[in-house]
Amino acid sequence: MNDNSQPAAVRARGIVKSFGSGDTQITVLKGIDLDIYLGELLLLVGESGGGKTTLLSAIAGILDINEGNIDVLGVPLSALPANKRTRFRGQTMGFIYQQFNLLPALTAAENVAVPLLIQKVGRAEALRRARVMLNRVGLADRTEFLPKNLSGGQQQRVAIARALVNEPRLLICDEPTAALDGPNGQKIMELLREVGRSPDRCVIVVTHDSRIFHFGDRMANLTDGRIVNIEQISQEGTA
Ligand SMILES: Nc1ncnc2c1ncn2[C@@H]1O[C@H](COP(=O)(O)OP(=O)(O)OP(=O)(O)O)[C@@H](O)[C@H]1O
Ligand SMILES: [Mg+2]
């Protein structure tokens, strides 16, 4: 378990993010300071529209911020040019989107293989590893299905397998259990916790699902663009 003596994998300071301009401008992140440590699973909770997805996109370097600094694994993300940022993201991060973002023309296994193909892993090896990962999320019998022929929960598990397949050091998950029933949600969280327990990896999970809170090491509450509270989660009674 994390005791915060580990170095921070993510160090965000003074993050401000606005959308729009002039009269219609809204400031969604109003000065966020947040550390995510190696070896931990951090939960991010808060009201709908509070800025959670926006913050994840900023940490992933997908979204430019107006003010502040974000270091990921010691690299000043905000200072990197876009092409280097994209490459760095591909090598170090996995992202489970709130919308699953599966490619409709590709099978489950091909979707999961995409991050490996981008990293120039050969097609046969990429598909082999994709099928191993699909097996781990309980979809061994669905590897050749197209997304449209999968249930919402199965699509979500494909998206989770895709985020895990290249063994990212920073795993960013936006409501990963939203489309899953209780048992499948627990199974996925066990997988994510295993990743978060690795000493050189960490996981951030946005969730509204109180059934999975006990899988976290810490919980940060993002409300109205600010982190209003961070608490350590008691691990009593959990495996
Ligand atoms: N590209 C955009 N352009 C304009 N406004 C945006 C954009 N993206 C997000 N917003 C606004 O930013 C606010 C925060 O959105 P965000 O998606 O980060 O919330 P959230 O905390 O993830 O909510 P939820 O729990 O419903 O997913 C919302 O008011 C939203 O309308
Ligand atoms: Mg969101």
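Above: the structure in question.
This is a predicted model, so every value here is computed, not measured. (Residues numbered from 1 in each chain as written. Chains lettered and ligands numbered in written order. Predicted model: local features only at pLDDT ≥ 70, side-chain atom pairs only at ≥ 80, totals over all residues. Heavy atoms only, no water.)

As for the site of ligand 1
Then comes step 1: With respect to spatial proximity, 14 residues lie near ligand 1, and among them S48, G49, K52, T53 and T54 are the closest.
Then comes step 2: S48 places a polar side-chain atom, nitrogen or oxygen, 2.5 Å from an oxygen atom of ligand 1.
Then comes step 3: T53 has a polar side-chain atom sitting 2.8 Å from an oxygen atom of ligand 1.
Then comes step 4: About the coverage of ligand 1: the protein hides 60% of its 640 Å² of free accessible area.
Then comes step 5: Listed by contribution, the elements that provide at least two residues to the shell around ligand 1 are β2 (26–37) and α1 (52–59).
Then comes step 6: Its residues assigned to classes, the shell around ligand 1 shows three nonpolar, eight polar and three charged. (Near = heavy atom within 4 Å. Polar contact = N/O pair within 3.5 Å; in protein donor to acceptor, adjacent residues only side chain to side chain. Areas by Shrake-Rupley, 256 points an atom, 1.4 Å probe, with all protein chains shown as cover. Helix = DSSP H or I, 4+ residues; strand = E, 2+ residues; numbered from the N terminus. Nonpolar A, V, L, I, M, F, W, Y, C, P; charged D, E, K, R; others polar.)

Focus on the nonpolar core
A general trend in soluble globular proteins is that nonpolar side chains are found buried together.
Then comes step 1: Within the largest apolar cluster, 41 residues are counted, with the highest numbers of intra-cluster contacts made by V112, L134, V137, V158, L171 and L192.
Then comes step 2: For this core, the elements supplying multiple residues, two or more each, are β3 (41–45), α3 (108–118), α4 (123–136), α5 (152–164), β7 (170–174), α6 (182–197) and β8 (202–206).
Then comes step 3: Residue contacts for L192: discarding those within four places in its chain leaves L41, L171, C173, P176, V203 and V205.
Then comes step 4: In terms of nonpolar packing, the next biggest core, distinct from the first, is built from 32 residues, I36, V72, L80 and F95 among them. (Core = buried A, V, L, I, M, F, W, Y, C linked by side-chain atoms within 4.5 Å. Buried < 20%, exposed > 50% of the residue type's maximum accessible area, 1.4 Å probe, protein only. Contact = heavy atoms within 4.5 Å.)

Quick look at the sheet that holds strand β1 (residues 8–19)
Then comes step 1: One open sheet accounts for four strands, arranged β2-β1-β4-β5; its pairing is antiparallel. Of all strands in the sheet, those bounded by a partner on one side alone are β2 and β5 (75–76).
Then comes step 2: Judged from the two bridges that link them, strand β4 (residues 67–72) and β5 form a sheet pairing that is antiparallel. Residue pairing across strands places D71 opposite P76, the latter belonging to β5.
Then comes step 3: α1 contacts β1, β2 and β4 of the sheet and is inclined by roughly 60 degrees relative to β2. (Pairing = 2+ DSSP bridges. Axes fitted to C-alpha atoms, helices over the stretch in contact; angles between N-to-C directions.)

Things to note about the pairing of strand β9 (residues 218–223)
Then comes step 1: As defined by bridge partners, β3 adjoins β9 across four bridges and the pair is classed as parallel. Paired with L43 across the bridge in β9 is M219.
Then comes step 2: In terms of strand pairing, β9 meets strand β10 (residues 226–232) through six bridges, oriented antiparallel. The partner of A220 across the bridge, within β10, is I230.
Then comes step 3: Hairpin connection, β9 to β10: the antiparallel pair is bridged by two residues, and D224 has positive phi, about 50 degrees.

Examining the packing of aromatic side chains
Then comes step 1: A complete count under the given rule lists one aromatic pair for this structure.
Then comes step 2: Between F95 and Y97, the ring centres sit 4.6 Å apart and the planes meet at 20 degrees, which makes this aromatic pair stacked.
Then comes step 3: In this arrangement the basic side chain of R142 is found over the ring face of F145, its NZ or CZ atom lying 4.9 Å from the centre. (Phe/Tyr/Trp six-rings, centres within 6.5 Å; stacked < 30°, edge-to-face > 60°. Lys NZ or Arg CZ within 6 Å of the ring centre and 35° of its normal.)

Considerations on unusual backbone geometry
Excluding glycine, residues mostly carry a negative phi; peptide bonds, for their part, are mostly trans.
Then comes step 1: Here K120, not a glycine, exhibits a phi torsion of approximately 70 degrees, which is positive.
Then comes step 2: Within the fold, K120 resides in the loop between α3 and α4.
Then comes step 3: You can call K120 exposed: its relative accessible area is 75%.
Then comes step 4: Phi is positive for E167, close to 50 degrees, though the residue is something other than glycine.
Then comes step 5: Mapped onto the elements of the fold, E167 is located in the loop between α5 and β7.
Then comes step 6: Classification of E167 as exposed rests on a relative accessible area of 58%.

That is the geometry; function is a separate question.
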